[in-house]
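Coordinates in review
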Amino acid sequence: MVVDDTYYKILQVEPTATPQLIKKSYRKLSLKYHPDKNPAPEAKERFQEITAAYQVLSDSDLRAKYDKFGKESAIPADGFEDATEYFAMIFGGDAFKDYIGELTLLKDLTKSAQLSQTDKEKTDENNEDNKENKDDKNNTNDKNSTSNSTSNTNTNTNTNTNSNSNSNSNTNTNTNAELDQFEEECRLKRLETQKKLAEKLILRLSVWTESPKDRNCLNAFKTKYELEADSLKMESFGLEILHTIGEIYYTKGNIYLKSQKYYGITGFFHSVKEKAGIVSDTFKTISSALDAQNTMEEYTKIQENSNEDQKLSQEEMAEMEKLLMGKVIGAAWAGSKFEIQGTLRSVCNIVLYDKTVSQLKRIERAETLVKLGQIFKKTTRTDDENEEARIFEELVAEAKK
């Protein structure tokens, strides 16, 4: 018996719901009411409520306090997190942080766009202010003599033009400086993240590289990471992320090993193949974004259509919204996957080309990377596990049909 069931009602589950069921319901509702996906006025407030409810009920200690004493006794120590940050759970959440770090590409692009938009707004405002000043001065000039009017008007026009140009130049310079500073901060943060992830990867590989390397150690290594993969695969997009990690580990390990065995020739060809794959992934990311944008524009036109004969039914609109959601999430996943691949490649390079350790040790790391990559690449889900985990993945799959 719980003293307050408000949070359970918000997430549309019973107080006896399992953590897995609570997570599944949260994912579904957060997508439905996310402000970027739902234009309804009440969507933002609903989304905040859903996020707060999940933050409490997903924490076993907070949930116990909530069940026994209610809301006031179940407030997180650091307060409730930003709902939009919590929404990042769609792509693995915190479960993969030790492998791929925090996904920031979409957030960084949004910040850059905001800075650029601010620059445009300031420029437009300066243009408007200068136009008004020019009109006021021209009105004053009209009261002067005709002979002085032309001279004064030309002088004022030149002054206004110079003022406008200088003002806009200053605005652009300031914004460019802010963008440069932001991009440099992002670059330094990425380097620091890659360094920390490399340290964690070395520790992960050491389970084998620092062992006696007998059959028992090999079995222990495989068992440890098979169990970890079985847990990670149940996260949202978990299987896709695992396969991405596995593919990068396997490829980078093999490139290094073959570069050592065949005087770098085979490794060179594999490296070229990897770069071709990067180009292909780039085009896929751009294509997904354009596809989502086109669908969104089509959806907007349908909403704005005032012709009753051409309006879609509620069922058709719901299907259109579902398609749009799938394409938006698909584009977000393509961008996130591209970021994950870039991070993993950089981390593997740090680990494999570490000059502070012997070449023999680097070869051992590469061999272990291949082993770990194989484990992750072959991880699968059962039909029952797919039913539980593939909420957002199904939307993306249906949008591609």
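This is a predicted model, so every value here is computed, not measured. Each residue is numbered by its place in its chain's sequence as written, counting from 1. Totals for whole chains, interfaces and linings use every residue, but because this is a predicted model, local features are given only for residues with pLDDT of at least 70 and side-chain atom pairs only at 80 or more, for both listing and counting. Here the side-chain values reflect all heavy atoms present in the structure, with hydrogen atoms and water set aside.

Description of the overall build of the protein chain
Summing up its helical and strand segments, the protein chain has 15 helices and 0 strands in all. Expressed as a percentage of its 401 residues, the buried residues of the protein chain come to 39%. Intrachain contacts of the protein chain at a sequence separation of at least 6 include 76% that bridge at least 24 residues. What sets the accessible areas is the Shrake-Rupley method with a 1.4 Å probe; for residues, cover comes only from the shown protein chains. When the accessible surface of the protein chain is summed, it comes to about 23600 Å², and 50% of that surface belongs to carbon and sulfur atoms. In DSSP terms, a helix is any run of H or I states spanning at least four residues, a strand is any run of E spanning at least two, and both are numbered starting from the N terminus. Per-residue accessibility, obtained with a 1.4 Å probe over protein chains only, is compared with the maximum for each type, and a residue is labelled buried under 20%, exposed over 50%, and partly exposed between these values. Should any heavy atoms of two residues lie within 4.5 Å, those residues are considered in contact.

Remarks on the side chain of Ser211
Tracing the sequence through the fold places Ser211 in the loop between helix 8 (146-209) and helix 9 (215-232). Take Ser211: its relative accessible area is 14%, and that puts it in the buried class. Contacts described as polar in this section are N or O atom pairs within 3.5 Å, which, within protein, must combine one atom able to donate a hydrogen with one able to accept it, while residues neighboring in sequence count only if both atoms come from side chains. Here Trp208 takes part through its backbone oxygen, which lies 2.7 Å from a polar atom of the side chain of Ser211. Excluding its chain neighbours within four sequence positions, the residues that come into contact with Ser211 are Ser206 and Cys217.

Focus on unusual backbone geometry
In this structure, Gln12 is a non-glycine residue whose phi angle is positive, near 60°. Tracing the chain through its elements places Gln12 in the loop between helix 1 (6-10) and helix 2 (19-33). On the accessibility criterion, Gln12 (54% relative accessible area) is exposed. Even without a glycine there, the phi angle at Lys213 is positive, about 60°. Along the chain, Lys213 falls in the loop between helix 8 and helix 9. Given the relative accessible area of 32%, Lys213 is considered partly exposed.

Overview of the packing of helix 9 against helix 13 (residues 359-377)
Packed helices, taken two at a time, are described by their axes: the angle between them and the distance between them. Each axis is a line fitted through C-alpha atoms, taken for helices only over the stretch in contact, and angles between the N-to-C directions span 0 to 180 degrees. Their axes nearest at 9 Å, the elements helix 9 and helix 13 cross at an angle of 45°. By the angle between their axes, helix 9 is oblique relative to helix 13. The element helix 9 and its partner helix 13 pack so that their crossing is right-handed. Of the residues in helix 13, those touching helix 9 at Leu218, Phe221, Lys222, Tyr225, Glu226 and Ala229 are Thr368, Lys371, Leu372, Ile375 and Phe376. Under the scheme applied, nonpolar residues are Ala, Val, Leu, Ile, Met, Phe, Trp, Tyr, Cys and Pro; charged residues are Asp, Glu, Lys and Arg; polar residues are all the others, including Gly. The residue inventory of the contact of helix 9 with helix 13, partitioned by class, reads 7 nonpolar, 1 polar and 3 charged. Oblique is the label for any angle not under 35 degrees, not over 145, and not in the 65 to 115 range, which are roughly parallel, roughly antiparallel and roughly perpendicular in turn. Crossing chirality is assigned from the near helix's rotation relative to the far helix, an anticlockwise turn below a right angle marking it left-handed and a clockwise turn marking it right-handed.

Observations regarding the confidence of the model for the protein chain
Every residue carries a pLDDT, the predictor's confidence in it, which falls somewhere between 0 and 100. Mean pLDDT over the protein chain works out to 77, with 62% of the residues at or above the 70 mark. Mean pLDDT values for the elements of the protein chain range from 52 in helix 5 (residues 83-86) up to 97 in helix 13. Here residues 145-153 is a poorly scored stretch, pLDDT under 50, and it has 5 contacts once near neighbours within four places are set aside; other chains count.

Structural notes on the packing of aromatic side chains
Aromatic contacts are taken between Phe, Tyr and Trp rings whose centres are within 6.5 Å, Trp giving its six-membered ring; a plane angle under 30 degrees counts as stacked, one over 60 as edge-to-face, and the others as tilted. Across all of its chains, the model carries 6 aromatic pairs by this definition. Ring plane angle 65° and centroid distance 5.7 Å describe the contact between Tyr99 and Phe376, whose orientation is recorded as edge-to-face. A residue pair is termed long-range when its members are at least 10 positions apart, and Tyr99 in helix 6 (residues 97-100) and Phe376 in helix 13 qualify at 277 residues. Pair check on accessibility: Tyr99 and Phe376 agree, each one buried. Its end group placed over the ring of Tyr33, Arg46 keeps NZ or CZ at 4.9 Å from the ring centre. Placement of a charge over a ring requires the Lys NZ or Arg CZ to be within 6 Å of the ring centre, with the centre-to-atom vector within 35 degrees of the ring normal.

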